[in-house]
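Notes for the structure review
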Amino acid sequence: MNTKVLFIIATGLVLSTTKVSAQATDCATTASIAYEHAKVKNYAAAEEPLWKVRKECPTYSVATYQFGQKLLVAKYKKASAAEKSALANEIIKLWKERFQYFPAKTKIGDMHSDIGQLMYDNKTGTKESQFAEFDIAYTKDKKNFKRPKKLYTYFSLFVDLHGEGKKELQGVFDLYDDITEKIENEESRLAEIIAGLTEKEEAGTTLSSKEKRKLKNSGINLTAFSKVKAGINQKLGELADCKNLIPLYTGQFESKKTDVSWLKGAAGRMSGKDCTGDPLFFKLVEALHKAEPSAKTAYYLGILAQKDRKMTTARKYYDQAAEMEEKSRDKAKVYFKIAEMLKKQGAKGKARSYYRKTLKHRPSMGVCYLRIASMIAGSANSCGADVFSKRAVYWLAENYARRAGKVDPSLRSTANKFAANYHAKAPTKTDIFNNPEKKSISIGCWIGETVRVPKL
(Lines give C-alpha, C1' and ligand atoms only; values in the text may rest on other atoms or scores of the structure.)
Protein backbone atom coordinates (compact mmCIF):
# COMPACT_ATOMS: atom_id res chain seq x y z
CA MET A 1 0.00 0.00 0.00
CA ASN A 2 1.56 3.33 -1.06
CA THR A 3 1.97 6.43 1.08
CA LYS A 4 -0.83 8.31 -0.71
CA VAL A 5 -3.42 5.63 0.04
CA LEU A 6 -2.36 5.44 3.68
CA PHE A 7 -2.69 9.21 3.96
CA ILE A 8 -6.26 9.14 2.55
CA ILE A 9 -7.34 6.38 4.98
CA ALA A 10 -5.78 8.16 7.95
CA THR A 11 -7.42 11.42 6.97
CA GLY A 12 -10.80 9.67 6.69
CA LEU A 13 -10.46 8.13 10.14
CA VAL A 14 -9.53 11.46 11.69
CA LEU A 15 -12.48 13.22 10.00
CA SER A 16 -14.84 10.42 11.03
CA THR A 17 -13.65 10.55 14.66
CA THR A 18 -13.89 14.33 14.65
CA LYS A 19 -17.45 14.14 13.27
CA VAL A 20 -18.54 11.61 15.94
CA SER A 21 -16.90 13.69 18.66
CA ALA A 22 -18.59 16.84 17.42
CA GLN A 23 -21.96 15.07 17.28
CA ALA A 24 -21.52 13.80 20.84
CA THR A 25 -20.62 17.31 21.99
CA ASP A 26 -23.63 18.74 20.15
CA CYS A 27 -25.94 16.13 21.77
CA ALA A 28 -24.63 16.94 25.23
CA THR A 29 -24.95 20.68 24.69
CA THR A 30 -28.45 20.52 23.25
CA ALA A 31 -29.58 18.06 25.93
CA SER A 32 -28.20 20.28 28.68
CA ILE A 33 -30.18 23.24 27.37
CA ALA A 34 -33.37 21.17 27.01
CA TYR A 35 -33.10 19.54 30.42
CA GLU A 36 -32.41 22.79 32.28
CA HIS A 37 -35.55 24.38 30.84
CA ALA A 38 -37.60 21.25 31.49
CA LYS A 39 -36.47 21.01 35.11
CA VAL A 40 -38.11 24.36 35.86
CA LYS A 41 -41.16 23.44 33.72
CA ASN A 42 -40.32 26.00 31.05
CA TYR A 43 -41.59 23.60 28.42
CA ALA A 44 -41.99 26.24 25.71
CA ALA A 45 -38.24 26.80 25.74
CA ALA A 46 -37.43 23.12 26.30
CA GLU A 47 -39.50 21.71 23.44
CA GLU A 48 -37.31 22.49 20.40
CA PRO A 49 -33.96 21.30 21.86
CA LEU A 50 -35.64 18.33 23.53
CA TRP A 51 -37.16 17.05 20.29
CA LYS A 52 -33.85 17.66 18.54
CA VAL A 53 -32.09 15.36 21.04
CA ARG A 54 -34.91 12.84 20.68
CA LYS A 55 -34.52 12.76 16.90
CA GLU A 56 -30.75 13.01 16.49
CA CYS A 57 -29.49 11.38 19.70
CA PRO A 58 -32.22 8.90 20.76
CA THR A 59 -29.85 6.85 22.92
CA TYR A 60 -28.25 9.82 24.69
CA SER A 61 -30.24 9.60 27.96
CA VAL A 62 -33.52 8.25 29.32
CA ALA A 63 -34.04 11.77 30.69
CA THR A 64 -35.01 12.85 27.15
CA TYR A 65 -38.09 10.63 27.37
CA GLN A 66 -38.81 11.44 31.00
CA PHE A 67 -38.85 15.17 30.35
CA GLY A 68 -40.60 14.60 27.04
CA GLN A 69 -43.43 12.83 28.79
CA LYS A 70 -43.77 15.62 31.35
CA LEU A 71 -43.88 18.16 28.54
CA LEU A 72 -46.56 16.27 26.60
CA VAL A 73 -48.64 15.53 29.72
CA ALA A 74 -48.58 19.24 30.63
CA LYS A 75 -49.86 20.03 27.12
CA TYR A 76 -52.44 17.25 27.35
CA LYS A 77 -53.91 18.62 30.58
CA LYS A 78 -54.45 22.05 29.01
CA ALA A 79 -55.63 20.79 25.63
CA SER A 80 -59.16 20.95 24.28
CA ALA A 81 -61.10 17.75 23.74
CA ALA A 82 -60.30 17.87 20.02
CA GLU A 83 -56.55 18.21 20.66
CA LYS A 84 -56.25 15.50 23.31
CA SER A 85 -56.43 12.54 20.92
CA ALA A 86 -53.41 13.68 18.88
CA LEU A 87 -51.41 14.41 22.03
CA ALA A 88 -52.34 11.01 23.46
CA ASN A 89 -50.96 9.37 20.33
CA GLU A 90 -47.77 11.42 20.70
CA ILE A 91 -47.36 10.28 24.33
CA ILE A 92 -47.87 6.67 23.27
CA LYS A 93 -45.28 7.07 20.53
CA LEU A 94 -42.82 8.54 23.04
CA TRP A 95 -43.38 5.62 25.45
CA LYS A 96 -42.64 3.12 22.70
CA GLU A 97 -39.45 4.96 21.68
CA ARG A 98 -38.29 4.97 25.29
CA PHE A 99 -38.87 1.22 25.49
CA GLN A 100 -37.01 0.73 22.18
CA TYR A 101 -33.90 2.57 23.36
CA PHE A 102 -34.06 2.05 27.14
CA PRO A 103 -35.92 -1.20 27.82
CA ALA A 104 -34.11 -1.83 31.10
CA LYS A 105 -35.25 1.58 32.40
CA THR A 106 -38.87 1.27 31.28
CA LYS A 107 -41.44 -0.49 33.45
CA ILE A 108 -43.76 -2.67 31.40
CA GLY A 109 -46.58 -2.27 33.92
CA ASP A 110 -46.36 1.52 33.78
CA MET A 111 -45.96 1.79 30.03
CA HIS A 112 -48.71 -0.53 28.82
CA SER A 113 -51.26 0.48 31.47
CA ASP A 114 -50.63 4.16 30.65
CA ILE A 115 -51.05 3.41 26.95
CA GLY A 116 -54.24 1.48 27.64
CA GLN A 117 -55.67 4.30 29.78
CA LEU A 118 -54.85 6.94 27.16
CA MET A 119 -56.49 4.83 24.47
CA TYR A 120 -59.55 4.30 26.67
CA ASP A 121 -59.86 7.97 27.68
CA ASN A 122 -59.59 9.13 24.08
CA LYS A 123 -61.63 6.30 22.53
CA THR A 124 -58.63 5.23 20.44
CA GLY A 125 -58.76 1.76 18.94
CA THR A 126 -61.20 -1.01 19.84
CA LYS A 127 -62.08 -2.29 23.32
CA GLU A 128 -60.04 -5.39 22.50
CA SER A 129 -56.92 -3.33 21.68
CA GLN A 130 -57.36 -1.17 24.78
CA PHE A 131 -57.81 -4.27 26.94
CA ALA A 132 -54.76 -5.90 25.34
CA GLU A 133 -52.50 -3.08 26.61
CA PHE A 134 -53.78 -3.45 30.18
CA ASP A 135 -53.52 -7.22 29.96
CA ILE A 136 -49.86 -7.08 28.93
CA ALA A 137 -49.15 -4.72 31.84
CA TYR A 138 -50.99 -6.87 34.36
CA THR A 139 -49.74 -10.28 33.28
CA LYS A 140 -46.13 -9.28 32.67
CA ASP A 141 -45.52 -6.65 35.36
CA LYS A 142 -48.31 -6.69 37.96
CA LYS A 143 -46.03 -5.06 40.56
CA ASN A 144 -45.88 -1.82 38.58
CA PHE A 145 -49.54 -1.88 37.55
CA LYS A 146 -51.05 -0.32 40.64
CA ARG A 147 -52.80 2.97 39.98
CA PRO A 148 -56.42 2.65 41.16
CA LYS A 149 -58.01 4.22 38.07
CA LYS A 150 -56.17 1.91 35.69
CA LEU A 151 -57.11 -1.19 37.69
CA TYR A 152 -60.76 -0.18 37.41
CA THR A 153 -60.54 0.45 33.66
CA TYR A 154 -58.88 -2.92 33.10
CA PHE A 155 -61.63 -4.76 34.94
CA SER A 156 -64.37 -2.63 33.40
CA LEU A 157 -63.18 -3.47 29.89
CA PHE A 158 -63.13 -7.19 30.73
CA VAL A 159 -66.75 -7.03 31.95
CA ASP A 160 -67.78 -5.07 28.84
CA LEU A 161 -66.12 -7.66 26.60
CA HIS A 162 -67.96 -10.40 28.50
CA GLY A 163 -71.20 -8.53 27.79
CA GLU A 164 -70.34 -8.67 24.09
CA GLY A 165 -69.76 -12.42 24.31
CA LYS A 166 -65.97 -12.11 23.95
CA LYS A 167 -64.96 -13.17 27.49
CA GLU A 168 -66.14 -16.04 29.69
CA LEU A 169 -68.00 -15.33 32.94
CA GLN A 170 -65.51 -17.49 34.84
CA GLY A 171 -62.75 -15.23 33.53
CA VAL A 172 -64.57 -12.20 34.95
CA PHE A 173 -64.67 -13.86 38.37
CA ASP A 174 -61.01 -14.88 38.20
CA LEU A 175 -59.87 -11.36 37.33
CA TYR A 176 -62.14 -9.87 39.99
CA ASP A 177 -60.57 -12.09 42.66
CA ASP A 178 -57.05 -11.24 41.55
CA ILE A 179 -57.56 -7.48 41.33
CA THR A 180 -59.46 -7.37 44.61
CA GLU A 181 -56.61 -9.18 46.35
CA LYS A 182 -54.11 -6.71 44.88
CA ILE A 183 -56.20 -3.73 46.02
CA GLU A 184 -56.66 -5.16 49.50
CA ASN A 185 -52.91 -5.71 49.82
CA GLU A 186 -52.35 -2.04 48.94
CA GLU A 187 -55.09 -1.01 51.40
CA SER A 188 -53.48 -3.05 54.16
CA ARG A 189 -50.07 -1.50 53.53
CA LEU A 190 -51.50 2.04 53.66
CA ALA A 191 -53.79 1.33 56.62
CA GLU A 192 -50.85 -0.04 58.60
CA ILE A 193 -49.02 3.25 58.08
CA ILE A 194 -52.09 5.25 59.12
CA ALA A 195 -52.80 3.11 62.18
CA GLY A 196 -49.22 3.37 63.41
CA LEU A 197 -49.03 7.16 63.03
CA THR A 198 -52.52 7.63 64.50
CA GLU A 199 -51.64 5.62 67.61
CA LYS A 200 -48.49 7.69 67.95
CA GLU A 201 -50.57 10.88 67.77
CA GLU A 202 -53.13 9.60 70.28
CA ALA A 203 -50.32 8.80 72.71
CA GLY A 204 -49.45 12.52 72.72
CA THR A 205 -46.42 12.46 70.41
CA THR A 206 -46.20 15.29 67.91
CA LEU A 207 -45.67 13.99 64.40
CA SER A 208 -42.83 15.38 62.31
CA SER A 209 -43.66 17.24 59.09
CA LYS A 210 -42.51 14.17 57.14
CA GLU A 211 -44.81 11.92 59.17
CA LYS A 212 -47.74 14.31 58.73
CA ARG A 213 -47.19 14.32 54.98
CA LYS A 214 -46.94 10.53 54.96
CA LEU A 215 -50.17 10.26 56.96
CA LYS A 216 -51.98 12.63 54.59
CA ASN A 217 -50.76 10.94 51.40
CA SER A 218 -51.56 7.49 52.75
CA GLY A 219 -55.09 8.67 53.49
CA ILE A 220 -55.51 10.09 49.98
CA ASN A 221 -54.28 6.90 48.33
CA LEU A 222 -56.35 4.70 50.62
CA THR A 223 -59.46 6.70 49.69
CA ALA A 224 -58.68 6.21 45.99
CA PHE A 225 -58.33 2.44 46.39
CA SER A 226 -61.51 2.29 48.45
CA LYS A 227 -63.48 4.08 45.72
CA VAL A 228 -62.06 1.86 43.01
CA LYS A 229 -62.89 -1.30 44.95
CA ALA A 230 -66.47 -0.05 45.36
CA GLY A 231 -66.56 0.72 41.62
CA ILE A 232 -65.29 -2.75 40.73
CA ASN A 233 -67.92 -4.36 42.95
CA GLN A 234 -70.59 -2.23 41.31
CA LYS A 235 -69.31 -3.12 37.85
CA LEU A 236 -69.42 -6.81 38.72
CA GLY A 237 -72.96 -6.22 39.95
CA GLU A 238 -75.50 -8.92 39.31
CA LEU A 239 -73.02 -11.13 37.46
CA ALA A 240 -71.90 -12.51 40.82
CA ASP A 241 -75.31 -12.82 42.48
CA CYS A 242 -76.60 -16.19 43.67
CA LYS A 243 -79.11 -16.28 40.81
CA ASN A 244 -76.19 -16.41 38.34
CA LEU A 245 -73.69 -18.38 40.42
CA ILE A 246 -75.94 -21.29 41.34
CA PRO A 247 -77.01 -22.25 37.79
CA LEU A 248 -73.48 -21.64 36.47
CA TYR A 249 -71.83 -23.92 39.03
CA THR A 250 -74.65 -26.47 39.03
CA GLY A 251 -74.13 -26.93 35.30
CA GLN A 252 -70.36 -27.28 35.72
CA PHE A 253 -70.32 -29.42 38.86
CA GLU A 254 -70.35 -32.94 37.40
CA SER A 255 -67.48 -32.23 35.02
CA LYS A 256 -65.51 -30.19 37.58
CA LYS A 257 -66.11 -32.02 40.88
CA THR A 258 -62.56 -33.40 40.97
CA ASP A 259 -60.98 -30.09 39.88
CA VAL A 260 -59.64 -28.68 43.14
CA SER A 261 -58.94 -25.22 41.71
CA TRP A 262 -62.48 -24.91 40.34
CA LEU A 263 -64.04 -26.20 43.57
CA LYS A 264 -62.10 -23.64 45.60
CA GLY A 265 -63.20 -20.78 43.37
CA ALA A 266 -66.86 -21.87 43.26
CA ALA A 267 -67.13 -22.48 47.00
CA GLY A 268 -65.30 -19.23 47.76
CA ARG A 269 -67.57 -17.15 45.56
CA MET A 270 -70.76 -18.76 46.89
CA SER A 271 -69.52 -18.17 50.43
CA GLY A 272 -68.63 -14.56 49.63
CA LYS A 273 -72.10 -13.90 48.20
CA ASP A 274 -73.83 -15.76 51.05
CA CYS A 275 -75.23 -18.46 48.78
CA THR A 276 -74.38 -21.03 51.47
CA GLY A 277 -78.03 -21.95 52.03
CA ASP A 278 -78.26 -23.69 48.66
CA PRO A 279 -77.61 -27.49 48.65
CA LEU A 280 -74.98 -26.92 45.96
CA PHE A 281 -72.71 -25.27 48.53
CA PHE A 282 -72.69 -28.40 50.67
CA LYS A 283 -71.90 -30.52 47.59
CA LEU A 284 -69.00 -28.23 46.71
CA VAL A 285 -67.56 -28.30 50.24
CA GLU A 286 -67.99 -32.05 50.53
CA ALA A 287 -66.23 -32.64 47.19
CA LEU A 288 -63.47 -30.18 48.04
CA HIS A 289 -62.86 -31.68 51.49
CA LYS A 290 -62.68 -35.14 49.92
CA ALA A 291 -60.29 -34.04 47.17
CA GLU A 292 -58.04 -31.82 49.29
CA PRO A 293 -58.71 -31.11 52.96
CA SER A 294 -57.48 -27.59 53.57
CA ALA A 295 -57.96 -24.30 55.33
CA LYS A 296 -60.76 -23.46 52.91
CA THR A 297 -62.67 -26.66 53.53
CA ALA A 298 -62.29 -26.21 57.29
CA TYR A 299 -63.65 -22.66 56.94
CA TYR A 300 -66.65 -23.76 54.90
CA LEU A 301 -67.39 -26.62 57.29
CA GLY A 302 -67.30 -24.02 60.05
CA ILE A 303 -69.89 -21.95 58.19
CA LEU A 304 -72.16 -24.97 57.80
CA ALA A 305 -71.76 -25.91 61.48
CA GLN A 306 -72.54 -22.34 62.53
CA LYS A 307 -75.70 -22.34 60.41
CA ASP A 308 -76.76 -25.49 62.26
CA ARG A 309 -76.02 -23.62 65.55
CA LYS A 310 -73.22 -26.04 66.42
CA MET A 311 -70.99 -23.28 67.77
CA THR A 312 -68.32 -25.45 69.41
CA THR A 313 -67.88 -27.43 66.19
CA ALA A 314 -67.86 -24.23 64.14
CA ARG A 315 -65.15 -22.73 66.35
CA LYS A 316 -63.05 -25.88 66.01
CA TYR A 317 -63.19 -25.67 62.21
CA TYR A 318 -62.51 -21.92 62.18
CA ASP A 319 -59.44 -22.36 64.40
CA GLN A 320 -58.16 -25.05 62.05
CA ALA A 321 -58.75 -22.80 59.06
CA ALA A 322 -56.94 -19.84 60.62
CA GLU A 323 -53.95 -21.99 61.53
CA MET A 324 -53.69 -23.49 58.04
CA GLU A 325 -54.27 -20.31 56.00
CA GLU A 326 -51.15 -18.81 54.45
CA LYS A 327 -52.44 -15.53 53.02
CA SER A 328 -52.96 -12.68 55.46
CA ARG A 329 -56.26 -11.58 53.89
CA ASP A 330 -57.64 -15.11 54.27
CA LYS A 331 -56.48 -15.41 57.88
CA ALA A 332 -58.16 -12.07 58.55
CA LYS A 333 -61.45 -13.33 57.12
CA VAL A 334 -61.43 -16.34 59.45
CA TYR A 335 -60.42 -14.33 62.52
CA PHE A 336 -63.20 -11.83 61.82
CA LYS A 337 -65.71 -14.68 61.61
CA ILE A 338 -64.57 -15.93 65.03
CA ALA A 339 -64.64 -12.41 66.49
CA GLU A 340 -68.21 -11.86 65.29
CA MET A 341 -69.29 -15.18 66.77
CA LEU A 342 -67.67 -14.38 70.15
CA LYS A 343 -69.19 -10.89 70.19
CA LYS A 344 -72.68 -12.36 69.73
CA GLN A 345 -71.95 -14.71 72.62
CA GLY A 346 -71.04 -11.74 74.84
CA ALA A 347 -67.36 -12.72 75.19
CA LYS A 348 -66.12 -9.16 74.68
CA GLY A 349 -62.50 -9.62 75.72
CA LYS A 350 -62.05 -12.68 73.52
CA ALA A 351 -63.88 -11.01 70.65
CA ARG A 352 -61.55 -8.00 70.86
CA SER A 353 -58.48 -10.24 70.72
CA TYR A 354 -59.78 -11.76 67.48
CA TYR A 355 -60.67 -8.36 66.02
CA ARG A 356 -57.07 -7.37 66.77
CA LYS A 357 -55.80 -10.53 65.08
CA THR A 358 -57.92 -9.58 62.09
CA LEU A 359 -56.37 -6.12 61.97
CA LYS A 360 -52.88 -7.56 62.28
CA HIS A 361 -53.42 -9.48 59.06
CA ARG A 362 -55.58 -6.89 57.31
CA PRO A 363 -55.05 -3.41 58.82
CA SER A 364 -57.61 -1.79 56.50
CA MET A 365 -60.58 -3.62 58.07
CA GLY A 366 -61.91 -0.56 59.87
CA VAL A 367 -65.09 -2.40 60.84
CA CYS A 368 -63.02 -4.16 63.53
CA TYR A 369 -62.32 -0.82 65.20
CA LEU A 370 -66.04 0.02 65.10
CA ARG A 371 -66.89 -3.32 66.71
CA ILE A 372 -64.33 -2.77 69.48
CA ALA A 373 -65.60 0.79 69.99
CA SER A 374 -69.15 -0.49 70.31
CA MET A 375 -68.19 -3.11 72.91
CA ILE A 376 -66.17 -0.56 74.91
CA ALA A 377 -68.98 2.00 74.86
CA GLY A 378 -71.44 -0.68 75.93
CA SER A 379 -69.28 -1.42 78.98
CA ALA A 380 -68.93 2.16 80.24
CA ASN A 381 -71.07 1.67 83.34
CA SER A 382 -69.48 -1.59 84.37
CA CYS A 383 -65.82 -0.80 83.66
CA GLY A 384 -65.42 2.61 85.31
CA ALA A 385 -64.59 3.15 89.00
CA ASP A 386 -66.46 6.48 89.38
CA VAL A 387 -68.66 8.78 87.31
CA PHE A 388 -65.70 10.51 85.63
CA SER A 389 -63.94 7.28 84.70
CA LYS A 390 -67.20 5.68 83.53
CA ARG A 391 -67.74 8.56 81.12
CA ALA A 392 -64.03 8.56 80.18
CA VAL A 393 -64.61 5.12 78.65
CA TYR A 394 -66.35 6.95 75.80
CA TRP A 395 -63.10 8.74 74.90
CA LEU A 396 -61.53 5.38 74.30
CA ALA A 397 -64.55 4.30 72.24
CA GLU A 398 -64.28 7.54 70.26
CA ASN A 399 -60.59 6.91 69.52
CA TYR A 400 -61.35 3.46 68.14
CA ALA A 401 -64.23 4.77 66.03
CA ARG A 402 -62.06 7.49 64.49
CA ARG A 403 -59.38 4.93 63.63
CA ALA A 404 -62.03 3.01 61.68
CA GLY A 405 -62.61 5.98 59.37
CA LYS A 406 -58.91 6.59 58.92
CA VAL A 407 -57.99 3.07 57.80
CA ASP A 408 -61.18 2.51 55.78
CA PRO A 409 -62.42 5.63 53.96
CA SER A 410 -65.64 3.88 52.94
CA LEU A 411 -66.58 3.86 56.65
CA ARG A 412 -65.57 7.46 57.34
CA SER A 413 -69.07 8.91 57.49
CA THR A 414 -70.38 6.11 59.72
CA ALA A 415 -67.27 6.18 61.90
CA ASN A 416 -67.54 9.96 62.39
CA LYS A 417 -71.17 9.63 63.49
CA PHE A 418 -70.28 6.98 66.07
CA ALA A 419 -67.28 9.02 67.24
CA ALA A 420 -69.41 12.14 67.66
CA ASN A 421 -71.98 10.15 69.64
CA TYR A 422 -69.29 8.77 71.96
CA HIS A 423 -67.69 12.21 72.34
CA ALA A 424 -71.02 13.66 73.45
CA LYS A 425 -71.19 11.10 76.28
CA ALA A 426 -67.61 11.67 77.47
CA PRO A 427 -66.65 14.15 80.24
CA THR A 428 -67.21 17.80 79.30
CA LYS A 429 -64.63 20.59 79.50
CA THR A 430 -66.16 21.58 82.83
CA ASP A 431 -65.68 18.02 84.11
CA ILE A 432 -62.04 18.09 83.02
CA PHE A 433 -61.51 21.51 84.66
CA ASN A 434 -63.01 20.26 87.92
CA ASN A 435 -60.69 17.22 87.92
CA PRO A 436 -57.26 18.76 87.19
CA GLU A 437 -55.41 15.84 88.79
CA LYS A 438 -56.72 13.41 86.17
CA LYS A 439 -54.24 13.26 83.29
CA SER A 440 -55.09 9.76 82.17
CA ILE A 441 -57.67 7.17 83.15
CA SER A 442 -56.94 3.46 83.60
CA ILE A 443 -60.03 1.50 82.63
CA GLY A 444 -60.59 -1.82 84.34
CA CYS A 445 -62.56 -5.03 83.73
CA TRP A 446 -62.18 -6.68 80.30
CA ILE A 447 -61.08 -3.41 78.65
CA GLY A 448 -57.82 -3.00 80.57
CA GLU A 449 -56.65 0.11 78.68
CA THR A 450 -55.59 3.64 79.56
CA VAL A 451 -57.02 6.73 77.87
CA ARG A 452 -55.48 10.20 77.91
CA VAL A 453 -57.61 13.06 79.25
CA PRO A 454 -57.81 15.72 76.50
CA LYS A 455 -56.10 19.02 77.23
CA LEU A 456 -58.31 22.06 77.69
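This text gives an overview of the structure that appears in the document. Source: prediction; values computed, not measured. (Residues numbered from 1 in each chain as written. Predicted model: local features only at pLDDT ≥ 70, side-chain atom pairs only at ≥ 80, totals over all residues. Heavy atoms only, no water.)

So, on to the overall build of the protein chain. If you tally the helices and strands in the protein chain, you get 21 helices and two strands. Since a compact globule built from 456 residues should have a radius of gyration of about 23 Å, the 30 Å found for the protein chain marks it as more spread out than a globular shape. In terms of overall dimensions, the protein chain has C-alpha extents of about 110 × 70 × 50 Å along its principal axes. Of all 456 residues assigned to the protein chain, the portion counted as buried reaches 44%. Long-range contacts, defined here as pairs at least 24 residues apart, represent 61% of the contacts in the protein chain between residues at least 6 apart. In the form shown here, the protein chain has an accessible surface area of approximately 24,300 Å², with 53% of it arising from carbon and sulfur atoms. Each charge class in the protein chain can be summarised by its mean position, and for the 81 positive and 51 negative side chains these summaries are 5 Å apart. (Helix = DSSP H or I, 4+ residues; strand = E, 2+ residues; numbered from the N terminus. Rg over C-alpha atoms; globule rule 2.2 N^0.38 Å. Buried < 20%, exposed > 50% of the residue type's maximum accessible area, 1.4 Å probe, protein only. Contact = heavy atoms within 4.5 Å. Areas by Shrake-Rupley, 256 points an atom, 1.4 Å probe, with all protein chains shown as cover. Lys, Arg positive; Asp, Glu negative; His and termini not counted. Charge placed at Lys NZ, Arg CZ, Asp CG, Glu CD.)

Applying the stated rule across the entire model yields 20 aromatic pairs. Measuring from ring centre to ring centre gives 6.0 Å for Phe155 and Tyr176, while their planes differ by 55°; the resulting arrangement is tilted. In this pair, Phe155 sits in helix H7 (residues 148-163) while Tyr176 sits in helix H8 (residues 169-202), placing the two residues 21 residues apart along the sequence. Per residue, the accessibility class of Phe155 equals that of Tyr176, and both read buried. Between Tyr369 and Tyr400 the ring centres are 6.2 Å apart and the planes differ by 35°, which places this aromatic pair in the tilted class. Placement of Tyr369 in helix H17 (residues 367-377) and of Tyr400 in helix H19 (residues 387-407) is noted, with a sequence separation of 31 residues between them. Assigned by exposure class, Tyr369 and Tyr400 land together as buried. (Phe/Tyr/Trp six-rings, centres within 6.5 Å; stacked < 30°, edge-to-face > 60°.)

Under the criterion given, the structure shown has three disulfides. At a sulfur-sulfur separation of 2.0 Å, the disulfide partner of Cys242 is Cys275. The chirality of the disulfide connecting Cys242 with Cys275 is left-handed, given an S-S dihedral of about -100°. With Cys242 in helix H10 (residues 242-256) and Cys275 in the loop between helix H11 (260-272) and helix H12 (279-291), the pair connects residues that are 33 residues apart, well separated along the chain. Cys242 gets classed as partly exposed once you look at its relative accessible area, which sits at 23%. Judged by relative accessible area, which is 3%, Cys275 ranks as buried. Once the bonded cysteines of the protein chain are numbered in order along the sequence, the disulfide links fall as 1-2, 3-4, 5-6. (Disulfide = S-S within 2.5 Å.)

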